[in-house]
Amino acid sequence: MTDIDISAAGTFKFGDRTVKRMGYGAMQLAGPGVFGPPKDPDAARAVLREAIASGVDHIDTSDFYGPHVTNRLIREALHPYPDDLVIVSKLGAVRGADASWNPAQSPEALAQGLRDNLENLGLKAMEVVNLRVMSDVHGPSEGSIAPQFTALAELQQQGLIRHLGLSNVTSAQVAEARTIAPVVCVQNLYNLAHRDDDALIDELNELGIAYTPFFPLGGFSPLQSSTLSAVADRLGRTSMQVALAWLLHRSPNILLIPGTSSVAHLHENLQAAELVLSPEVIAELDAIGAKTVHA
Ligand SMILES: NC(=O)c1ccc[n+]([C@@H]2O[C@H](COP(=O)([O-])OP(=O)(O)OC[C@H]3O[C@@H](n4cnc5c(N)ncnc54)[C@H](OP(=O)(O)O)[C@@H]3O)[C@@H](O)[C@H]2O)c1
């Protein structure tokens, strides 16, 4: 346990729960390519325990990480769960034997995915489940998501899911989903260098909906920018800490779920909760995304 105060980054009302804005994403705990078991399961469980000991109360996962591996590690490390822990999962995909990510959006497939999550996590109901839209696996694309979201809303009505969210969606899809059931969060790709969702984040903030960026550190290709490195050096921090602090500053509805398989990186990332950036530094960092967008 460390003396990091992650509550310094504030909290956000998430459904009917309140979570700290600094959380943890568990995807990196599975084996290479998010497939199969990790090399050292004890080390993976240690990261999860350390996250909780450091005050994390929001963990993002999915049963298609591994598949099943990440959820089972979470259960082994943390069950019975602390009362204040919010575990968020996602449904809508299955893994092929070749590690591929395939759509699984029929009502039956969504119900099966939910059962897998509940069994592997050892829960009777999920606090939050995101529908992971798969029309284009690499990024949001327009098109109705009503059939899939209606199926999730039915599982919610059965008491198996408390709150619903969306992942890999457009603004129009959020609006469509909200005509079917309340949406508490949206999880899309966003970071210092990938800012396609700037307008969506502001729109969701107005609505009180959380925005949880995936790949906050760049994902499988960690963020690299000479401006980011120069700012980090000047502040005596690491690039990853500055990238996370920038996200926290970007909008009050942003919840962070940086992923790591290492306790040292976990500590480093959590410390970003205490990092305050000046307006001058924010302006410098803002220019990184502007350059990427117009390149
Ligand atoms: N909805 C979706 O479609 C979707 C897609 C992807 C991810 N997600 C969720 O989003 C979460 C976050 O995304 P992510 O884990 O893929 O990407 P990320 O948080 O952007 O980056 C994780 C990568 O950065 C490395 N890293 C972490 N902290 C570091 C540090 N302090 N210094 C240097 N390297 C560091 C990790 O390696 P080490 O393990 O070596 O630290 C890992 O390779 C996931 O855990 C998952 O829950 C959702």
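Just so you know, these numbers come straight off a predicted model, no measurement behind them. (Residues numbered from 1 in each chain as written. Predicted model: local features only at pLDDT ≥ 70, side-chain atom pairs only at ≥ 80, totals over all residues.)

Next up on the list: the overall build of the chain. Counting its secondary structure elements, the chain contains ten helices and eleven strands. C-alpha extents for the chain along the principal axes are approximately 55 × 40 × 40 Å. Relative to its full complement of 295 residues, the chain shows a buried share of 46%. (Helix = DSSP H or I, 4+ residues; strand = E, 2+ residues; numbered from the N terminus. Buried ≥ 20, exposed ≤ 12 C-beta atoms within 10 Å, placed from the backbone.)

Among the nonpolar cores identified, the biggest contains 80 residues, and Leu152 and Ala243 are the most heavily contacted of them. The biggest single contributor to this core is helix 8 (residues 239-250), with eight residues. If we ignore the near neighbours within four places in the chain, the residues touching Leu152 are Leu91, Leu110, Val129, Leu131, Ile161 and Leu164. (Core = buried A, V, L, I, M, F, W, Y, C linked by C-beta atoms within 7 Å. Contact = placed C-beta atoms within 7 Å.)

Pairing between strand 1 (residues 11-14) and strand 2 (residues 17-20): four bridges, direction antiparallel. Across the sheet, residue Phe14 finds its bridge partner in strand 2, namely Arg17. Taken together, strand 1 and the strand that follows it, strand 2, pair antiparallel across an intervening segment of two residues, in which Gly15 is found at a positive phi of about 65°. (Pairing = 2+ DSSP bridges.)

Right, let's talk about the site of the ligand for a bit. Around the ligand there are 27 residues in total, and Gly25, Met27, Leu217, Gly259 and Thr260 lie nearest to it. Considering only residue class, the shell around the ligand consists of ten nonpolar, 13 polar and four charged. (Near = placed C-beta within 6 Å. Nonpolar A, V, L, I, M, F, W, Y, C, P; charged D, E, K, R; others polar.)

Before going further, it helps to spend a moment on the sheet that holds strand 3 (residues 24-25). Reading across the sheet, the seven strands line up as 3-4-5-8-9-10-11 and stay open at both edges, with parallel pairing between neighbours. At either margin of the open sheet sits one strand with a lone partner, and together these are strand 3 and strand 11 (210-211). The sheet contact formed by strand 8 (residues 126-132) and strand 9 (residues 161-167) spans six bridges and is parallel. Residue pairing across strands places Val129 opposite Leu164, the latter belonging to strand 9.

Mapping His79 onto the fold places it in the loop between helix 2 (69-78) and strand 5 (86-91). It is 9.3 Å that separates the C-alpha atoms of His79 and Leu123, two residues lying 44 residues apart in sequence.

Moving on: helix 2. Within helix 2 the residues assigned to the buried category are Val69, Thr70, Asn71, Leu73, Ile74 and Ala77. Tucked into the core, helix 2 has its buried residues touching helix 1 (41-53), strand 4 (58-60), strand 5 and helix 3 (107-121).

Following Gly66, the chain continues into Pro67 via a peptide bond in cis, with omega recorded as -10°. Mapped onto the elements of the fold, Pro67 is located in the loop between strand 4 and helix 2. Across the junction of His79 and Pro80, the peptide omega takes the value 0°, indicating a cis bond. Looking at the element boundaries, Pro80 is found in the loop between helix 2 and strand 5. Of note, the phi angle at Val34 is positive, near 55°, even though the residue is not glycine. As for its position among the elements, Val34 is in the loop between strand 3 and helix 1. Owing to 21 C-beta atoms within 10 Å, Val34 belongs among the buried residues under this scheme.

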